Amino acid sequence: MRIYLAGLFPSRTRGAFTHNGKTINPVVSYPFDLESYHYLNSARDASSYYRLQARKKIFLDSGAFTMFTKGIKIELSEYADYIKTNADWIHVSSNLDEIGRGKEQESWDNQKTLERLGAKIQPVHHARDNDKWLLKYIAEGYDYIFLGGMVAEKTNYLHEWLDHVWGKYLTKKDGTARIKVHGFGITSTAVIRRYPWYSVDSTTWLNGGRFGEILLDLPAGDRRLTISRQSPRVKIPDMHYDTLPPITKKQLTDYFVSLGYDPELMRTSPDLCNSFNIQYFERMMKRPDPTFKVNQQAATLF
């Protein structure tokens, strides 16, 4: 499974740390980067950065969600031109999908228009879309389909819908995927590990800088923990590093050190917390890919 980190480009010069005497910048070295066309199109150095400095290809999101939430219009012809001009550093792109109930035909029309304009893009199917449109994309021969519209959905509905589409349309009898599927904006580890995604993207790594929150993969399971001294959670039992039992703090300190991190520095460095979270996702991608079968036991939400 590929886990794309959204928003790496704005943080490309930050987040470096020293491990065993070597400076490491996981923002640069992390292999899977998802960025929004809406933001990259206004960044003068995006092309030169990816083409000459980072020397890697990215997943280009059309920016449809930003367009929807901020009322911004994106021209199909301009989006198509951007994809074609920068094809050497864009390895996959999403359709400029229309978000909202009853917008399936508009999304389909945009898909076909962009293809006629020469843009190589993949279709997006939303949580509230009619199933027949997912079947239509599959019948059309698309072997990589993106699932979107999930960010605003409540947890119970999201799990019901994902169980439905994966169980009925997207998996074989052995629980493996029929086609490649990408999940937009997945922040729950349980959702990532429940279905056989080909790829997902997440901004959860940025919670280190935003909230001083780090992601832990421990023998007892994955969890989040706030470590920042400035966090309002500093007095909430079991949610902040300072409120943990002494023996647990000692175990975590040893764990941090084994990964090359000083917990005291992390408590005052948002960039170091982000770096820690990036390495969490690097380790997560090394786990065996999950399978999914209808009625399998649901995982506890992360």
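Whatever comes next refers back to the structure up there.
Residues numbered from 1 in each chain as written. Predicted model: local features only at pLDDT ≥ 70, side-chain atom pairs only at ≥ 80, totals over all residues. Heavy atoms only, no water.

## A short note on the overall build of the chain
Then comes step 1: In terms of regular secondary structure, the chain is built from 13 helices and 12 strands.
Then comes step 2: Relative to the compact-globule value of 19 Å for 302 residues, the chain shows a C-alpha radius of gyration of 20 Å, a close match.
Then comes step 3: Taken along its principal axes, the extent of the C-alpha atoms in the chain is 60 × 50 × 35 Å.
Then comes step 4: Put simply, the chain has 302 residues, and 50% of those count as buried.
Then comes step 5: When the accessible area of the chain is evaluated, it comes to approximately 14800 Å², of which 52% is carbon and sulfur surface.
Then comes step 6: Mean positive and mean negative side-chain charge positions of the chain (41 and 34 charges, respectively) differ by 3 Å. (Helix = DSSP H or I, 4+ residues; strand = E, 2+ residues; numbered from the N terminus. Rg over C-alpha atoms; globule rule 2.2 N^0.38 Å. Buried < 20%, exposed > 50% of the residue type's maximum accessible area, 1.4 Å probe, protein only. Areas by Shrake-Rupley, 256 points an atom, 1.4 Å probe, with all protein chains shown as cover. Lys, Arg positive; Asp, Glu negative; His and termini not counted. Charge placed at Lys NZ, Arg CZ, Asp CG, Glu CD.)

## Here we look at the pattern of salt bridges
When the charged atoms of two side chains with opposite charge come close together, those side chains can pair.
Then comes step 1: Scanning the model with the defined rule gives 15 salt bridges in all.
Then comes step 2: Note that arginine 287 and aspartate 222 form a salt bridge whose closest N and O atoms lie 2.9 Å from each other. With arginine 287 in the segment after helix 13 (270–284) and aspartate 222 in strand 12 (residues 221–226), this residue pair connects regions lying 65 residues apart in the sequence.
Then comes step 3: You can call arginine 287 partly exposed: its relative accessible area is 25%.
Then comes step 4: The partner of arginine 267 in a salt bridge is aspartate 242, and the shortest N-O contact between them spans 2.3 Å. Here arginine 267 is found in the loop between helix 12 (263–266) and helix 13, whereas its partner aspartate 242 is found in the loop between strand 12 and helix 11 (246–258), with 25 residues between them in sequence.
Then comes step 5: A residue is classified by how much of its surface remains accessible, and arginine 267, at 6% relative accessible area, is buried.
Then comes step 6: Sharing partners across several salt bridges, the network here consists of Arg229, Asp242, Glu264 and Arg267. (Salt bridge = Lys/Arg side-chain N within 4 Å of Asp/Glu carboxyl O.)

## A look at the nonpolar core
Then comes step 1: Leu147, Leu162, Trp166 and Trp197 are the most contacted members of the largest nonpolar core, which totals 49 residues.
Then comes step 2: When residues of this core are traced back to their parent elements, those giving at least two are strand 1 (2–6), helix 7 (131–139), strand 8 (144–148), helix 8 (155–170), helix 9 (189–194) and helix 13.
Then comes step 3: The contact partners of tryptophan 197, leaving out residues within four places of it in the chain, are Met1, Leu147, Met150, Leu162, Trp166, Val181, His182, Gly183, Ile186, Val191 and Ile192.
Then comes step 4: The next biggest cluster of nonpolar side chains, apart from the first, holds 25 residues, and it includes Ala54, Tyr79, Leu96 and Ala119. (Core = buried A, V, L, I, M, F, W, Y, C linked by side-chain atoms within 4.5 Å. Contact = heavy atoms within 4.5 Å.)

## Quick word on the packing of helix 7 against helix 8
Then comes step 1: One can describe the packing of helix 7 onto helix 8 by two numbers: an axis separation of 12 Å at closest approach and a directional angle of 40°. It follows from the interaxial angle that helix 7 and helix 8 lie oblique. In the packing of helix 7 onto helix 8, the handedness of the crossing is right-handed. Packed against helix 7, whose contacting residues are Asp131, Leu134, Leu135 and Ile138, the element helix 8 presents His164, Val165, Tyr169 and Leu170 at the interface. (Axes fitted to C-alpha atoms, helices over the stretch in contact; angles between N-to-C directions. Parallel < 35°, antiparallel > 145°, perpendicular 65-115°, else oblique. Left-handed = near helix turned anticlockwise from the far one by under 90°.)

## Some thoughts on the packing of helix 6 (residues 104–116) against helix 7
How two helices sit against one another is set out by the angle between their axes and by the gap between those axes.
Then comes step 1: At a closest axis distance of 10 Å, the pairing of helix 6 and helix 7 adopts a crossing angle of 20°. In terms of their interaxial angle, helix 6 and helix 7 are classed as roughly parallel. Remark: the crossing between helix 6 and helix 7 carries right-handed chirality. Residues Glu104, Gln105, Ser107 and Trp108 of helix 6 pack against Trp133, Lys136 and Tyr137 of helix 7.

## Considerations on the sheet that holds strand 9 (residues 180–183)
Then comes step 1: Taken together, the 8 strands give an open sheet; going across it, the order is 6-5-4-1-10-9-8-7, and neighbouring strands pair in parallel fashion. Where the open sheet ends on each side, the last strands, each with one partner, are strand 6 (90–93) and strand 7 (124–126). Between one strand axis and the next, the sheet turns by 30° as a mean value, whatever way the strands run.
Then comes step 2: Looking at chain direction, strand 4 (residues 33–36) and strand 5 (residues 58–61) are connected through 3 bridges and run parallel. For leucine 34, the partnering residue across the bridge sits in strand 5 and is phenylalanine 59.
Then comes step 3: Its contacts with the sheet place helix 8 against strand 7, strand 8 and strand 9, and it is angled at close to 160° to strand 8. (Pairing = 2+ DSSP bridges.)

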